[in-house]
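Chains, contacts and geometry: an overview
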Amino acid sequence: MSKKWRPATQLVHGGTLRSAYGETSEAIYLTQGFVYDSSEAAEARFKGETEGFIYARYASPTNDMFEKRMCLLEGAEDARATASGMAAVSAAILCQLKAGDHIVAARALFGSCRWVVETLAPKYGIECTLVDGRDLANWEKAIQPNTKLFFLESPTNPTLEVVDIAGVAKLANQIGAKLVVDNVFATPLFQKPLELGAHIVVYSATKHIDGQGRCLGGVVLSDKKWIEEELQDYFRHTGPAMSPFNAWTLLKGIETLPLRVRQQTANAARIADFLADQGKVAKVIYPGRADHPQADIIAKQMTGGSTLVCFELKGGKEAAFKLQNALEIVKISNNLGDAKSLITHPGTTTHKNLTDEARAELGISGGTLRLSCGIEDTDDLLEDFAAAVAKVSA
């Protein structure tokens, strides 16, 4: 496949394998194992002397197509598809650490990601320091002699803070540590962490890559050496592999990723501007607006805004619930990146398990809402929000 193709073409054709039947759509190889022509062939396959598939927990043709297509999009040498986004995050972090190692992570993380580094890792003797990731000085101050890993998401969930990926990568390189970036909110279309110096990128493919609310999935991408030396044994023996059916579904979803993200982003930008003009809205955070606190970093590392908008209502939780309940087109859900517009109250859902103090540190108040814009008609969405805002008390 030509690596000179642009993303929209790669996402339709990249990495495609065809059987002898010459199918147009990728085939689903729903098999657990594979048959060998002889005992000698089986032995050679297990020794790694010949190429081929061994067991679906390790790899399968459909998963291989999805991984190759993601590599082409991300600019990565290799990838492993996982059963969910959190399986990808957990694998990327735990596969390369041991007791006595230290993680520096941005405090602004999705609730489950924060649990992995703050609660799970310490159970295995891995220390963790959480920092305000917006300031590079905080990352540098947190470094210890045993620091082996930096972990961040940018833009962050749900407040859309942005972290200087190149700056953190430089610090990681200075001490021989690895930087893992959760790139879900930017999508691989708007931000390329590997080009910015990150060593590993993770996605919840459940979000924009599927983008139609159908299945779970995740993916870890890096250079071939790291995948083979650090991730492969963890992946092979702990079993977080993606189902081939889900891989096929994601292959179908990824074909339309540019079309969906383009419309979602256009909708998000219009709605962010609308909300910023409403007196009942205390603040709006959107990476495409000039008033974003890290607009200078966004200009350096992102080529587009986002499909998501974070905003805070002056009336707190009561106002937030009233607005959510008044929306007709936009649905209440904790998911994001869907073709349907979805709205979330992080304080009572995705970030419910954080302490009040931790939520306050992240800028999550009772009035905070996270909007994931879909592909609906922009004017219909604006009218939906106008009607809902009108029902919220001043």
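Residues numbered from 1 in each chain as written. Predicted model: local features only at pLDDT ≥ 70, side-chain atom pairs only at ≥ 80, totals over all residues. Heavy atoms only, no water.

Per an unreviewed UniProt entry, the protein chain carries the name O-succinylhomoserine sulfhydrylase and comes from Agrobacterium bohemicum. The record held by UniProt for the protein chain lists under Pathway (unreviewed entry) the comment "Amino-acid biosynthesis; L-methionine biosynthesis via de novo pathway; L-homocysteine from O-succinyl-L-homoserine: step 1/1." (UniProt positions renumbered as here; feature names shortened; annotations may be inferred.)

Comments concerning the environment of Cys215
As for its placement among the helices and strands, Cys215 is situated in the loop between α9 (206–210) and β7 (218–222). On the basis of relative accessible area, Cys215 is assigned to the buried category, the value being 11%. With 31 residues separating them along the chain, Cys215 and Asn246 place their C-alpha atoms 6.2 Å apart. Apart from the residues within four sequence positions on either side, Cys215 is in contact with Thr206, Asp210, Asn246, Thr249 and Leu250. (Helix = DSSP H or I, 4+ residues; strand = E, 2+ residues; numbered from the N terminus. Buried < 20%, exposed > 50% of the residue type's maximum accessible area, 1.4 Å probe, protein only. Contact = heavy atoms within 4.5 Å.)

Thoughts on the pairing of strand β9 (residues 308–313)
Burial within β9 is extensive, with six of its six residues counted as buried. Here β9 shows no split at all, with Leu308, Cys310 and Glu312 on one side and Val309, Phe311 and Leu313 on the other all buried. Here five bridges tie β9 to strand β12 (residues 368–372), and the two strands are oriented antiparallel to one another. In the sheet register, Val309 faces β12, and the bridge partner there is Leu371. (Pairing = 2+ DSSP bridges.)

Structural notes on the sheet that holds strand β5 (residues 178–182)
Pairing is mixed in the open sheet, where seven strands are placed in the order β1-β7-β6-β5-β4-β2-β3. One side of each edge strand has no neighbouring strand; the edge strands of this open sheet are β1 (78–82) and β3 (127–131). Within the sheet, the average angular offset between the axes of one strand and its neighbour, ignoring direction, is 20 degrees. Here strand β2 (residues 102–106) pairs with strand β4 (residues 147–153) via four bridges, running parallel. Counted as the bridge partner of His102 is Thr147 from β4. Packing against the sheet, helix α5 (residues 111–123) makes contact with β2, β3, β4 and β5, and its axis sits at approximately 140 degrees to β3. (Axes fitted to C-alpha atoms, helices over the stretch in contact; angles between N-to-C directions.)

Thoughts on the pattern of salt bridges
Under the criterion given, the structure shown has 21 salt bridges. Salt-bridge contacts for Lys252 lead to Glu26; the nearest nitrogen and oxygen are separated by 2.9 Å. Of this pair, Lys252 sits in helix α11 (residues 244–255) while Glu26 sits in the loop between α1 (7–13) and α2 (39–47); the two residues are 226 residues apart in sequence, bridging distant segments of the chain. Residue classification places Glu26 among the buried residues on the basis of a relative accessible area of 5%. For Arg270, the salt bridge identified is with Asp379, shortest N-O distance 3.4 Å. Of this pair, Arg270 sits in helix α12 (residues 257–276) while Asp379 sits in helix α16 (residues 378–390), placing them 109 residues apart in sequence. (Salt bridge = Lys/Arg side-chain N within 4 Å of Asp/Glu carboxyl O.)

Some thoughts on the packing of α12 against α16
Direction vectors running N to C along α12 and α16 enclose 30 degrees, while the axes themselves pass 10 Å from each other. Crossing hand, α12 versus α16: right-handed. Taken together, the residues of α16 that come into contact with α12 (itself represented by Gln263, Asn267, Arg270, Ile271, Phe274 and Leu275) are Thr378, Asp379, Leu381, Leu382, Phe385, Ala386 and Val389. Classifying every residue of the contact of α12 with α16 by side-chain character gives eight nonpolar, three polar and two charged. (Left-handed = near helix turned anticlockwise from the far one by under 90°. Nonpolar A, V, L, I, M, F, W, Y, C, P; charged D, E, K, R; others polar.)

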